Amino acid sequence: YHAKTNHLGVSFYEREFDTNSPERLMLLADLNNAIKENQLVLFYQPKLNLQTQTVEGFEALIRWQHPERGLLFPDSFMPLAEVSDVIYPFTDHVIELAMQQQKQWLSEGKRYSVSVNISARNLMDERLYPHLKACLKKYKTPAELFELELTETALMQDPERAITILKRIATLNVKLSVDDFGTGYSSLAYLRRLPLNALKIDRVFVKDMLENDQDEIIVHSTIALAHNLKLQVIAEGVENLEIIERLQGINCDMVQGYFLSQPKPWKEMRQWLKDNNY
Ligand code: C2E
Ligand code: MG
Ligand code: MG
Ligand code: MG
């Protein structure tokens, strides 16, 4: 394993945590508390539909407002959350927060879709379906405007099981998309059996596609593949206008990235929408 140090100054291993290190136990205790103390915040990043030039919805991305350490990004705590049981209440909480804020938009007549990220262990957890169902009812969320993002890697850990689970979740009418597409090892045979709505092309292929022919070919082919499978395509990590124009030229459906906006807290995102006449 490769030892790394994240920006908490906590060192950890890329593939596995030192199970009982004091740092790990401390951060875990803090994480449990974070949910109770309402320290978890969702930031929203817009998804622009290239055909209509409108914002269709947002991806909700977690941040942790830590009382001593300040605002923490997911890379510094999600890997730990994901190997511990805290990931279950954590994801439940993210789903609730997202639906609460989406409900405020809906009450103003704004039918934005909202997507949340679901970890591999949540996907394999049979409590995900009843929790989603209960939350959809509690917040009266139009299911077709709520979306789950699942990474390729999570889907392919046990693809047969993922198919069974996602078929059940799909009966709720929520949307399902594959995140970070291209970085894992998707079996196309399984992919076409999943009840998916969209593929999100990973930023690593998008960011250099103007200079790197191979990246361009990968992006282009992925768009064709997705469309042949009747899926929408979202390009992640779009940082300049030239890339947007190129993506538009090769029929990419949607884009997300810093060029449009960095992820922002709900209130700031509302202001951004106003300022940009969306
Ligand atoms: P992701 O789902 O692939 O999210 C995209 C990440 O790329 C986000 O990082 C976003 O801020 C960043 N990004 C967006 N546009 C650009 C761009 O133009 N340039 C660059 N350089 N980056 C861009 P973030 O928010 O730090 O999240 C990182 C990852 O943490 C996410 O990757 C997702 O896998 C995970 N994550 C975030 N929130 C949650 C959550 O609520 N639950 C779970 N399980 N995982 C989450
Ligand atoms: Mg995502
Ligand atoms: Mg992604
Ligand atoms: Mg990612």
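As shown above, the structure is provided for reference.
All values reported here derive from a predicted model rather than from experimental measurement. (Residues numbered from 1 in each chain as written. Chains lettered and ligands numbered in written order. Predicted model: local features only at pLDDT ≥ 70, side-chain atom pairs only at ≥ 80, totals over all residues. Heavy atoms only, no water.)

On to the coordination of the magnesium ion (ligand 3), then. Distances from the magnesium ion (ligand 3) to its protein donors, Asp179 (OD), Asp180 (OD), Glu236 (OE) and Glu236 (OE), fall at 2.0 to 2.6 Å. Between the magnesium ion (ligand 3) and the magnesium ion (ligand 2), both coordinated by Asp179, there is a metal-metal distance of 4.1 Å. With Asp179 in strand E8 (residues 175-181) and Glu236 in the loop between strand E10 (232-235) and helix H11 (241-249), this residue pair connects regions lying 57 residues apart in the sequence. The pair formed by Asp179 and Glu236 is uniform in burial state, with each residue classed as buried. (Donors = N, O, S within 2.8 Å, 3.2 Å for Na, K, Ca; no water. Helix = DSSP H or I, 4+ residues; strand = E, 2+ residues; numbered from the N terminus. Buried < 20%, exposed > 50% of the residue type's maximum accessible area, 1.4 Å probe, protein only.)

One pass over the structure, following the stated rule, counts nine aromatic pairs. Aromatic pair Phe58 and Tyr112: ring centres 5.0 Å apart, planes at 80°, arrangement edge-to-face. Here the residue Phe58 occupies a position in strand E4 (residues 54-66), and Tyr112 occupies one in the loop between helix H3 (87-107) and strand E6 (113-118), the gap between them amounting to 54 residues. The buried category is assigned to Phe58, whose relative accessible area is 0%. Considering the side-chain rings of Trp64 and Phe77, the 5.4 Å spacing of their centres and the 85° angle between planes classify their relative orientation as edge-to-face. Placement of Trp64 in strand E4 and of Phe77 in the loop between strand E5 (70-72) and helix H2 (78-82) is noted, with a sequence separation of 13 residues between them. Assessed through its relative accessible area of 0%, Trp64 is described here as buried. For Phe77, a relative accessible area of 0% corresponds to the buried category. Grouped by ring-pair contacts, the aromatic residues Tyr44, Phe58, Trp105, Tyr112 and Trp266 constitute a single cluster. It is Arg63 that lies over the ring of Phe43; its NZ or CZ is 5.2 Å from the centre. (Phe/Tyr/Trp six-rings, centres within 6.5 Å; stacked < 30°, edge-to-face > 60°. Lys NZ or Arg CZ within 6 Å of the ring centre and 35° of its normal.)

A word on the pattern of salt bridges. Within the structure shown, the criterion is met by 13 salt bridges. Lys47 is the salt-bridge partner of Glu149, the closest N and O atoms lying 3.4 Å from each other. Note that Glu149 is positioned in strand E7 (residues 146-151) and Lys47 in strand E3 (residues 40-49), a separation of 102 residues in sequence. Across the pair, exposure class does not vary: Glu149 and Lys47 are buried alike. For the salt bridge of Asp85 with Arg121, the shortest nitrogen-to-oxygen distance reads 2.9 Å. Of this pair, Asp85 sits in the loop between H2 and H3 while Arg121 sits in helix H4 (residues 120-123); the two residues are 36 residues apart in sequence, bridging distant segments of the chain. What makes Arg121 partly exposed here is its relative accessible area of 28%. Because the salt bridges share partners, they merge into one network encompassing Lys47, Glu59, Glu149, Lys200 and Glu236. (Salt bridge = Lys/Arg side-chain N within 4 Å of Asp/Glu carboxyl O.)

Within the secondary structure, Gln39 is located in the loop between helix H1 (22-36) and E3. Setting aside residues no more than four positions away along its own chain, Gln39 makes contact with Ala34, Arg63, Trp64, Gln65 and Pro67. (Contact = heavy atoms within 4.5 Å.)

A separate point is the packing of H3 against helix H12 (residues 266-275). At a minimum axis separation of 12 Å, H3 and H12 run at an interaxial angle of 30°. Accordingly, the angle class assigned to the pair H3 and H12 is roughly parallel. Of the two elements, H3 crosses H12, and the hand of that crossing is right-handed. Of the residues in H12, those in contact with Gln101, Gln104 and Trp105 of H3 are Trp266, Met269, Arg270 and Leu273. Residue composition of the contact of H3 with H12, by class: four nonpolar, two polar and one charged. (Axes fitted to C-alpha atoms, helices over the stretch in contact; angles between N-to-C directions. Parallel < 35°, antiparallel > 145°, perpendicular 65-115°, else oblique. Left-handed = near helix turned anticlockwise from the far one by under 90°. Nonpolar A, V, L, I, M, F, W, Y, C, P; charged D, E, K, R; others polar.)

The backbone of Gln53 sits at a positive phi, close to 55°, despite the residue not being glycine. Among the structural elements, Gln53 can be located in the loop between E3 and E4. Look at Gln53 and you get partly exposed, because its relative accessible area is 41%. Its identity is not glycine, yet Asn251 carries a phi of approximately 65°, on the positive side. Turning to its location among the elements, Asn251 is positioned in the loop between H11 and strand E11 (254-255).

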